[in-house]
Amino acid sequence: WLSLAGMDSAAFTGYDYDARHWRTANIEAYFRDQGYPDGGLVWYRLHLSLPAGAPPLKGYIQHANNAHAIYASRPGEAGTLLAMSGRPALTADEMVLSRKPVVFSLPSDTSLVLSWAVANYEYLHGGPFHAVQIGSAQAIDGMVLRRTAVAFTCYGLYLLIALFLLLHWITHRRDLQSLAVGLLSFTMAFPAVSTSGSLELLLPDQVDFALRMLVEAPTGLALNGLLA
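Below: a short report on this structure. If you're wondering where the values come from, they're calculated on a predicted model, not measured in any experiment.

Let us now look at the pairing of strand E5 (residues 68-73). For E5, the buried fraction is high: six of the six residues fall into the buried class. The alternating pattern of E5 places His 68, Ile 70 and Ala 72 and Ala 69, Tyr 71 and Ser 73 on opposite faces, both of which are buried. With five bridges joining them, E5 and strand E6 (residues 80-85) adopt antiparallel strand pairing. Note that in E6 the partner of His 68 across the bridge is Ser 85. In sequence, E5 turns back onto E6 through a hairpin of six residues, with Gly 76 there showing a positive phi of about 80°. Alignment of E5 against strand E8 (residues 111-119), held across six bridges, turns out to be antiparallel. Within E8, the residue paired with Tyr 71 across the bridge is Ser 115.

Below you can see the structure in the form of structure tokens.
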């Protein structure tokens, strides 16, 4: 991975763009600090060399906190937008907030260049949260399905635990531990699905950044209060 901060240009997405003056970026499965001043956006660039006859490839990004857009280009071509979550921009006024996960298909070729524009506001110095995951179409679809299944399983388990403990407290009013843990479990059920991104994938037209924050912010405050 290479990286460059502070500019917004479609020229960066071209396959033959000379990126020798960019610097190396350390991108792992979960990463934070790339050493850039917060603000504007950061471009990340990766050259993929693929074997001939490789199966169709797909990609997945859990989220990049605020907004991002990923492009792919083949030899001699400009970049093609694969997926966008919100809209990264040089200024906060132009940026459109989003934490929606994205799934995208890669063009077929033995050599590709990925270009990833990521909004750098409140990003801890150029570090988005989740890296790009690439694999066969079957593997990526299976991974997304498993993530969704785990999120809704956790949601159901939290609700069952909350129901059991709150019913126990109703019949044993002096057992305040059951009340406290029951309320904690009930509150934890909501971010279990919200933070996984499953709602945005299942209901893309109904769930946006504002609704997600409406779920996450009150539940975060409630959890702090209940833990205290």
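Our focus in this paragraph is the environment of Tyr 158. Tracing the sequence through the fold places Tyr 158 in helix H1 (residues 137-171). The class for Tyr 158 is partly exposed, based on a relative accessible area of 26%. Along the backbone, Tyr 158 and Leu 184 are 26 residues apart, and their C-alpha atoms lie at a distance of 8.8 Å. In contact with Tyr 158, not counting residues within four places along its chain, are Ser 185, Phe 186, Met 188, Ala 189 and Ala 192.

A word on the sheet that holds strand E7 (residues 102-105). One open sheet holds the three strands; their spatial order is E7-E4-E9, and the pairing between them is antiparallel. For this open sheet the edge positions go to E7 and strand E9 (133-136), each flanked by a neighbour on one side alone. On average, adjacent strands in this sheet sit at an angle of 25° to one another, irrespective of strand direction. Bridging between strand E4 (residues 57-61) and E7 involves four bridges; their strand directions are antiparallel. The partner of Tyr 60 across the bridge, within E7, is Val 103. Relative to E9, H1 is tilted by about 120°, and along the sheet it contacts E4, E7 and E9.

Our next topic: the nonpolar core. A general tendency of soluble globular proteins is for nonpolar side chains to be buried together. By size, the foremost hydrophobic cluster in this structure holds 31 residues, and its most contacted members are Ile 70, Phe 104, Leu 106 and Trp 116. With five residues, the top contributor of residues to this core is E8. With residues up to four places along the chain from it excluded, the contact list for Leu 106 reads Leu 48, Leu 57, Ala 72, Leu 82, Leu 112, Leu 114 and Ile 134. Trp 22, Leu 41, Ala 69 and Tyr 71 belong to the second-largest nonpolar core, a separate cluster that totals nine residues.

The rules behind these values
- Residue positions are given per chain, counted from 1 along the sequence in the order it is written.
- Note on the predicted model: pLDDT of at least 70 is required for a residue's local features to be given, and 80 or more for side-chain atom pairs to be given and counted; whole-chain, interface and lining totals, by contrast, use all residues.
- By convention in this description, side-chain values take in all heavy atoms of the structure and omit both hydrogens and water.
- Only protein chains enter the area calculation, which uses a 1.4 Å probe; residues under 20% of their type maximum are buried, those over 50% are exposed, and those in between are partly exposed.
- Runs of E in the DSSP output that reach at least two residues are strands. Runs of H or I that reach at least four are helices, and both are numbered from the N terminus.
- Any two strands are treated as partners once DSSP identifies two or more bridges connecting them.
- Here, residues are in contact when the closest pair of their heavy atoms is within 4.5 Å.
- Axes here refer to lines fitted to C-alpha atoms; in helices the fit is confined to the stretch in contact. Angles between the N-to-C directions go from 0 to 180 degrees.
- Buried residues of nine kinds, namely Ala, Val, Leu, Ile, Met, Phe, Trp, Tyr and Cys, make up a nonpolar core once their side-chain atoms join them within 4.5 Å.

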